[in-house]
Amino acid sequence: MSRNASTSAGEKGRAGHDAPSGDDRMDVTALVAAGEHELVRRRSVGRLVAGGTILVLAGFAIAILFTNPAFDWPTVGRYLFDVGVLEGIAMTLELTVAAMLVGIVGGVVLAVMRRSESALPRNAAALYIWFFRGTPVLVQVLFWGFAASLFPRIGIGIPGGGFLVSWDTNTVIPIFAAAILALGLNEAAYVAEIVRGGLLSVPHGQSEAADTLGLGRLATLRFVVLPQAMRAIIPPIGNQFISMLKMTSVVLVIGVGDLLESVTEIYSRNYLQIPLLIVASIWYLVLTTLLTLLQARLEKRFGRSLTRVGEA
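Note that the coordinates shown come from a computational prediction; the quantities given were computed from them, not determined experimentally. (Residues numbered from 1 in each chain as written. Predicted model: local features only at pLDDT ≥ 70, side-chain atom pairs only at ≥ 80, totals over all residues. Heavy atoms only, no water.)

Structural notes on the layout of surface pockets
Link 1 in the chain: In this structure, the largest pocket encloses a volume near 450 Å³.
Link 2 in the chain: Together, 16 residues line the largest pocket, and Arg 115, Ser 207, Arg 217, Thr 220 and Leu 221 are the ones closest to its centre.
Link 3 in the chain: For the lining of the largest pocket, the elements supplying multiple residues, two or more each, are α10 (204-212) and α11 (217-247).
Link 4 in the chain: Residue contributions to the lining of the largest pocket peak at 5 residues, all from α11.
Link 5 in the chain: Partitioning the lining of the largest pocket into residue classes produces 6 nonpolar, 5 polar and 5 charged.
Link 6 in the chain: One number sums up the size of the second largest pocket: a volume of about 190 Å³. (1 Å grid on protein atoms, 1.4 Å probe; cavity = no way out; pocket = protein on both sides within 12 Å on 5 of 7 lines; lining within 4 Å. Points joined across faces, edges and corners; volume = space filled by probe spheres on them. Helix = DSSP H or I, 4+ residues; strand = E, 2+ residues; numbered from the N terminus. Nonpolar A, V, L, I, M, F, W, Y, C, P; charged D, E, K, R; others polar.)

Here is the structure:
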């Protein structure tokens, strides 16, 4: 009895010794609160330092922009709405839309070929994508621009023999068409991978359900898979559209009168390179901003429509 009592008393003593007292708990709470306060203080100091640094750098940038006479803002304002510049903007937009149409149509076809069960179309699409993604777009533009050097005439005939009917290559593929083909065919390789990724994001059960309902492969792709894949396809396609708008500047090398070509022609006469390049940059910024806003609206619209379909 006494031994058990002493043992119990010893255990209670150890338990009482190990358990923190009220003062100890208060000390731990105070330490935790002090640590959190110090962490918040350091974060606040870090934010203040970062914000101050950004403001100082922004101030220097603004001061340079408006105090350096080489920027020549009066000349920028004079040529911002010049007729030649506006014509170049129209040409840039035409190139962008036409090349993206070629790229989207070609990319969808290539993506479907990549998913084919037959090895021939699947490997042909993979080879196309490998080639056009692996060579610079500038080189492709030059090749299409100088296509007449390789093929002076295009026609129908017997391989290795003469033409039955032929046309001059420069007549069939003028400079504007060469630019569209170069940009569009190159874009198709990138769009194909975007579309393929979007198609893979749709669960396979959707295609199986459509097959159960008796829909064919094309109908399933058009009415079931593609509408659901658009949420994954639209954002990167929008980015590609914006990139294409800027990429059209490379057609300068074959003499297409886009925005950059227009300002280049102007400063080749007055030697005011910097102000005219600023004009081009301003318009590129305006156009890309508008496309970015349009992309955001499309993303919101497709996201909302898919949410409603899921709720239904």
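Thoughts on the environment of Met 100
Link 1 in the chain: Here Met 100 shows up in helix α4 (residues 83-114).
Link 2 in the chain: C-alpha of Met 100 to C-alpha of Met 244: the two residues are 144 residues apart in sequence and 7.4 Å apart in space.
Link 3 in the chain: Once you skip the residues sitting within four places of it in the chain, Met 100 turns out to touch Glu 187, Ile 237, Gln 240, Phe 241 and Met 244. (Contact = heavy atoms within 4.5 Å.)

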